[in-house]
Amino acid sequence: MAGMKLLLLTLYEYSPLFHIVVVSLCFLLTAAIVLGWFGFDVPVMLLSSDETEPVTPTPERPMVQETNPFSLALGSGPASVSDGVSLKLGCLGPCVLSCFWGCEVSALQRALHNHQQNLKLTCPQHFLEALHLHFHYHQMFRISRGDEHECHTCIPHDQSITDFGPLPRKHYPLVAVLTLAETEARNLYNIVASVIVIHIPDDIYRLSARILFQYLLTSQGDVHELKPLFMSAETSGPPDLERSCQPEETQMEGDPLREETDWSEHIGRNCVVCQNAAVNRVLLPCRHACVCDSCMLHFQHCPICRAFVMESFALRATRT
Ligand SMILES: [Zn+2]
Ligand SMILES: [Zn+2]
């Protein structure tokens, strides 16, 4: 007892040393617990999943090449409810453009749904019947086969329509429908109609004119939404996104379209990873077209937006 008292007194006299010893003991104890818990491979937690060695290959989505006979883009010049809008068309055969101004959203969805059932929409008359007067104004143009035509569609002033109702809307400003004019031509293409929903600025919603959605209807009763791909353009200057949003640059999810020659013109040796091989992979769901086939094997995340890659598809069939 007296010895213990003497020891504590001695330690108290050398208090700085006593504290150092206590702190050191605590540190060693903590270090021992941490190492005992995790083992010696603690730094593994800092590795990103891209760097771990065996990368499981992302599933490839099987694609079918399909020719889309329809092409529509917004034409030059201003677009408004009072002055109408110009539409630029380029079709592979004679076709009919039907413009439905102020088309009811639910009526269009119902018509597309019916197409998937068995009421196929293959000619302008079918669309007129399916929409059944659920629109403000209808105008029709016949377009001959050719490179580029510009049509101007406008609601007559005597209809005195200045807007398409309060937000959220029950009416689309403009729905443009393209169908093939000749019955025989409908057997040439699998795609029988193209439905393009266009926003036109009005007094209530002044967002500039743009294509909101684009649907392709097939003879088998499928409805595909046409979505843009995001890829770098060869030419410098205009922003990439702007280019890739044009219908010419788009590819249908599930069914790619456009002729192969179109693609090879735009694709250079510009893989964003190796900077050496041609871009040939579109990553899903982000739709960035940015890597070549061999770089694709090393990635589970998109190198542009870091989104996890669920699937991918090839722009051109890989030569074996
Ligand atoms: Zn590459
Ligand atoms: Zn991406």
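- Named according to an unreviewed UniProt entry, the protein is Cell growth regulator with ring finger domain 1 originating from Cyprinodon variegatus.

## Looking at the nonpolar core
- The biggest cluster of nonpolar side chains holds 41 residues, and the ones touching the most others in it are C103, L131, L174, V175, A176, L178 and L217.
- Listing elements by their share of this core, those giving two or more residues are β2 (85-91), β3 (95-104), α3 (105-117), α4 (124-131), β6 (171-180), β7 (191-199) and β8 (210-218).
- Here C103 is in contact with L108, L131, H134, F135, H171, Y172 and V175, once residues within four sequence places are set aside.
- Formed by 15 residues, the second largest nonpolar core is a distinct cluster that contains V279, V291, C292 and C295.

## Brief notes about the environment of P228
- With respect to the helices and strands, the residue P228 is situated in the loop between β9 (223-227) and α5 (240-244).
- Judged by C-beta crowding, with 17 C-beta atoms within 10 Å, P228 ranks as partly exposed.
- Each C-alpha atom of the pair P228 and H288 lies 9.6 Å from the other, and the pair is 60 residues apart in sequence.

## Some points on the sheet that holds strand β12 (residues 289-291)
- Read from one edge of the open sheet, three strands run β12-β11-β13, paired in antiparallel fashion. Among the strands making up the open sheet, the edge pair consists of β12 and β13 (311-314). Within this sheet the neighbouring strands show an average axis-to-axis angle of 45°, counted without direction.
- With four bridges joining them, strand β11 (residues 281-284) and β13 adopt antiparallel strand pairing. Pairing of V282 across the sheet is with F313, part of β13.

## A short note on helix α2 (residues 15-38)
- Along its 24 residues, α2 runs 35 Å from first to last C-alpha, staying within 8% of the 34 Å computed at 1.5 Å per residue.
- Counting buried positions along α2 gives zero out of 24 residues, so the element sits mostly on the surface.

## Description of unusual backbone geometry
- Between L167 and P168 the backbone carries a cis peptide bond, its omega angle lying at -10°.
- Turning to its location among the elements, P168 is positioned in the loop between β5 (146-153) and β6.
- In this chain, L284 is followed by P285 through a cis amide linkage whose omega measures 10°.
- Summarising the element assignment, P285 is placed in the loop between β11 and β12.
- At H132, a residue that is not glycine, the phi angle is positive and equals roughly 40°.
- Along the chain, H132 turns up in the loop between α4 and β4 (137-143).
- Using a count of 11 C-beta atoms within 10 Å as the deciding quantity, one classes H132 as exposed.
- The phi torsion at R287 lies on the positive side, around 65°, for a residue other than glycine.
- Take R287: it is sitting in the loop between β11 and β12.

What counts as what
Residues numbered from 1 in each chain as written. Chains lettered and ligands numbered in written order. Predicted model: local features only at pLDDT ≥ 70, side-chain atom pairs only at ≥ 80, totals over all residues. Core = buried A, V, L, I, M, F, W, Y, C linked by C-beta atoms within 7 Å. Buried ≥ 20, exposed ≤ 12 C-beta atoms within 10 Å, placed from the backbone. Helix = DSSP H or I, 4+ residues; strand = E, 2+ residues; numbered from the N terminus. Contact = placed C-beta atoms within 7 Å. Pairing = 2+ DSSP bridges. Axes fitted to C-alpha atoms, helices over the stretch in contact; angles between N-to-C directions. Expected span 1.5 Å × (residues − 1).

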